[in-house]
Amino acid sequence: MCRQFLQNGPVLSNPKDLESPMGSSTRLLHAGYAPSDYHGFVNPPTVRASTVLFPDAESMRRRDQKYLYGLRGTPTIEALEHALDDLEGSHGTILVPSGLAAISFPLLAFLSSGDHCLVVDSVYGPTRLFCDTLLRRMGVETEYFDPAIGGAGLAQRMRANTRVVFLEAPGSNTFEMLHVAGMADVARRGGAVSMLDNTWATPLLFRPLDHGVDLSIHALTKYPGGHSDVMMGSVSANRETFARLRDAQMQIGVNVSPDDTYLVLRGLKTMAVRLKAHEAAALELASWLETRPEVARVLHPALPSFPGHDLWKSQFKGASGLFSIVLAGGGEREASAFLDALRIFGLGYSWGGFESLALEAHLGDRVVAKAPTEGPVIRLQIGLEDVADLRRDIEGGLAALG
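Residues numbered from 1 in each chain as written. Predicted model: local features only at pLDDT ≥ 70, side-chain atom pairs only at ≥ 80, totals over all residues. Heavy atoms only, no water.

Chemist: Just to check I follow, could you spell out unusual backbone geometry for this structure?
Modeler: A negative phi angle characterises most non-glycine residues, just as the trans form characterises most peptide bonds. Between Ala169 and Pro170 the backbone carries a cis peptide bond, its omega angle lying at -10 degrees. The topology assignment puts Pro170 in the loop between strand S6 (162-168) and helix H7 (180-189). In this structure, Arg63 takes a positive phi of about 55 degrees despite not being glycine. Assignment of secondary structure puts Arg63 in the loop between helix H2 (57-62) and helix H3 (75-88). For Arg63, a relative accessible area of 54% gives the class exposed. The phi angle at Ser350 is positive, at roughly 70 degrees, despite the residue not being glycine. Here Ser350 lies in the loop between strand S12 (346-347) and strand S13 (357-361). A residue is classified by how much of its surface remains accessible, and Ser350, at 28% relative accessible area, is partly exposed. (Helix = DSSP H or I, 4+ residues; strand = E, 2+ residues; numbered from the N terminus. Buried < 20%, exposed > 50% of the residue type's maximum accessible area, 1.4 Å probe, protein only.)

Structure, rendered in structure tokens:
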């Protein structure tokens with residue numbers, strides 16, 4: 001293992017200089033930053049900057065230095081971009097202020113008036129809202145397709161003006177699975193760019209670019225941040241698409257703050273450990289919930305009973321802590337009774353933090369991938385509390401249904 005020695009002892013160098021392959025925890029701890037560049041400090045500095053000075057007029061004219069202006073990046077921002085490139089296997093990454101911004105930026109970058117965009121119908125709700133409002137006003141036609149159609153079905157929906165195929169795996173709230181490589185191949189052969197919202201899995205459990213996807217999208221707000229105290233998104237792109245993505249970011253003029261970036265960099269260090277704990281607790285509770293008569297179905301792709309389990313198992317390295325249950329009958333009243341009885345689970349949006357959360361999933365805007373009919377869908381984010389306590393809390397919610 002390559003090391004550099006400073007006066008205060010050995011410091012691990014940038015992981016790109018190390019022997020490979022490395023495990024996920026090692027990558028998370030050392031990706032994107034070389035302590036030897038900053039006097040051996042193990043964490044990158046938080047560089048707050050707008051103006052960057054040039055040594056002379058000719059350098060300024062040629063833009064002949066690494067950093068030009070705060071909007072275009074600082075050492076702090078670059079450290080997180082490089083860390084995500086290392087985890088994703090991407091050519092370049094942009095950082096934006098939210099997960100939704102990470103969805104909207106690549107759509108804006110690769111779509112123009114008169115274009116056709118194919119979007120999986122199990123997509124995150126705000127993605128649909130963006131497509132149905134701003135993209136529509138731009139003159140872009142969005143068509144939603146059933147996640148179950150497969151590559152052949154997707155190929156039939158491609159048009160001469162299809163420019164983007166937008167995927168999400170697993171699907172939002174109901175966790176439908178896709179054969180990602182097959183759909184990315186259909187997009188490429190049809191001259192379209194493929195992008196995938198990979199927030200549920202993180203690059204530790206699934207790397208979209210390894211499956212032929214052009215752009216991988218993340219809400220860093222979730223597991224990378226991990227502590228419910230920061231909002232940020234990222235888009236990691238292959239060599240063919242990165243320049244256009246970066247140009248769109250700079251043309252709109254959006255980047256992220258160094259302080260928020262530092263929080264995400266700090267969160268990355270423990271993401272592998274946290275994700276394993278989320279996965280184990282969620283699987284234990286999901287398996288138990290399958291035995292409960294108050295629950296019609298458990299929607300978790302890592303369960304053998306789930307219809308997309310084989311697709312999940314063939315593509316993903318593991319599962320995160322987010323899944324849903326379908327109550328056996330009822331509607332809003334029953335959903336409210338269950339949720340209002342919870343004491344440890346908080347009622348709130350987002351997920352991926354340390355705390356457990358619950359909400360009723362509203363799926364009435366879907367076109368073809370309709371919501372389950374047995375009863376209301378309750379989405380559960382399993383946090384880092386003791387599983388026994390979470391189980392008792394859920395039992396209280398189920399008891400309230402009576």
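Chemist: Quick question: what am I supposed to make of the nonpolar core here?
Modeler: As a rule of thumb, soluble globular proteins bury nonpolar side chains together. Core analysis: the largest hydrophobic core is formed by 85 residues, its most contacted members being Leu80, Leu107, Phe166, Met195 and Trp200. No other element matches helix H4 (residues 99-110), which puts seven residues into this core. Beyond its immediate chain neighbours, meaning those up to four positions away, Leu107 contacts Cys117, Phe130, Cys131, Leu135, Val164, Phe166 and Met195. Within the second largest apolar cluster, 25 residues are counted, among which are Leu285, Phe345, Leu390 and Ile394. (Core = buried A, V, L, I, M, F, W, Y, C linked by side-chain atoms within 4.5 Å. Contact = heavy atoms within 4.5 Å.)

Chemist: Teacher, can you tell me more about the sheet that holds strand S11 (residues 322-327) here?
Modeler: Backbone hydrogen bonds are what pair the strands of a sheet, in a parallel or an antiparallel way. Across the sheet, five strands lie side by side as S10-S11-S14-S13-S12; this open sheet has mixed pairing. Here the strands that pair on one side only, and so sit at the sheet edges, are strand S10 (295-299) and S12. With two bridges connecting them, S12 and S13 associate as parallel partners. Bridging from a neighbouring strand, Leu347 pairs with Ala358 of S13. (Pairing = 2+ DSSP bridges.)

Chemist: How do you make sense of the pairing of S11 when you look at a structure like this?
Modeler: Taken across its six residues, S11 has six buried, putting it largely inside the fold. Judged by which residues are buried, S11 turns out to be covered on both faces: Leu322, Ser324 and Val326 on one side and Phe323, Ile325 and Leu327 on the other are all buried. As judged from the four bridges shared by S10 and S11, these two strands associate in the antiparallel manner. Each bridged residue has a counterpart across the sheet, and for Arg297 the counterpart in S11 is Val326.

Chemist: Looking at this structure, I do not really get helix H9 (residues 239-252). What am I missing?
Modeler: Working note: α-helix, 3.6 residues per turn, so residues spaced by three or four point in the same direction. Taken as a whole, H9 has its buried residues at Thr241, Phe242, Leu245, Arg246, Ala248, Gln249 and Met250. The secondary structure elements touched by the buried residues of H9 are H3, strand S3 (92-96), H4, strand S7 (193-197), strand S8 (215-219) and strand S9 (233-237). Count one or two residues on from H9 and you reach Gly253, which has phi positive near 85 degrees.

Chemist: Mind showing me how you'd approach the packing of H3 against helix H10 (residues 258-269) here?
Modeler: Each packed pair of helices is defined by two parameters, the angle between the axes and the distance between the axes. Here H3 crosses H10 at 35 degrees, and the two axes come no closer than 9 Å. Note on packing geometry: the crossing formed by H3 with H10 is left-handed. Together, Thr76, Ile77, Ala79, Leu80, Ala83 and Leu87 of H3 and Pro258, Thr261, Tyr262, Val264, Leu265 and Leu268 of H10 make up the contact between the two elements. When grouped by side-chain class, the residues that make up the contact of H3 with H10 number 10 nonpolar, two polar and no charged. (Axes fitted to C-alpha atoms, helices over the stretch in contact; angles between N-to-C directions. Left-handed = near helix turned anticlockwise from the far one by under 90°. Nonpolar A, V, L, I, M, F, W, Y, C, P; charged D, E, K, R; others polar.)

Chemist: Explain the pattern of salt bridges to me, please; I cannot follow it from the model alone.
Modeler: Counted by the stated rule, this structure contains 20 salt bridges. Between Lys66 and Glu78 there is a salt bridge, with its nearest N and O atoms 3.0 Å apart. Taken as a pair, Lys66 in the loop between H2 and H3 and Glu78 in helix H3 lie far apart in primary sequence, 12 residues in all. The exposure class assigned to Glu78 is buried, which follows from its relative accessible area of 19%. Salt-bridge contacts for Arg392 lead to Asp389; the nearest nitrogen and oxygen are separated by 2.3 Å. With Arg392 and Asp389 both in helix H14 (residues 387-400) and three residues apart, this pair spans about one turn of that helix. For Asp389, a relative accessible area of 26% corresponds to the partly exposed category. Each of Glu58, Arg61, Arg62 and Asp64 takes part in one network of salt bridges that share partners. (Salt bridge = Lys/Arg side-chain N within 4 Å of Asp/Glu carboxyl O.)

Chemist: Help me understand the side chain of Asp197 in this model?
Modeler: Here Asp197 shows up in strand S7. For the buried residue Asp197, which engages in no salt bridge, the nearest side chain bearing the opposite charge is Lys222, 8.0 Å off. Asp197 has contacts with Ile103, Tyr124, Phe166, Leu167, Glu168, Ala169 and Ile217, leaving out every residue within four places of it along the chain. (Lys, Arg positive; Asp, Glu negative; His and termini not counted.)

Chemist: What am I meant to see in the environment of Cys117 here?
Modeler: Note that Cys117 resides in strand S4 (residues 116-120). Taking the C-alpha atoms as reference, Cys117 lies 42 Å from Ala341; in sequence the two are 224 residues apart. For Cys117, the residues in contact, after removing those within four places along its chain, are Leu107, Leu111, Val140, Glu141, Thr142, Glu143 and Val164.

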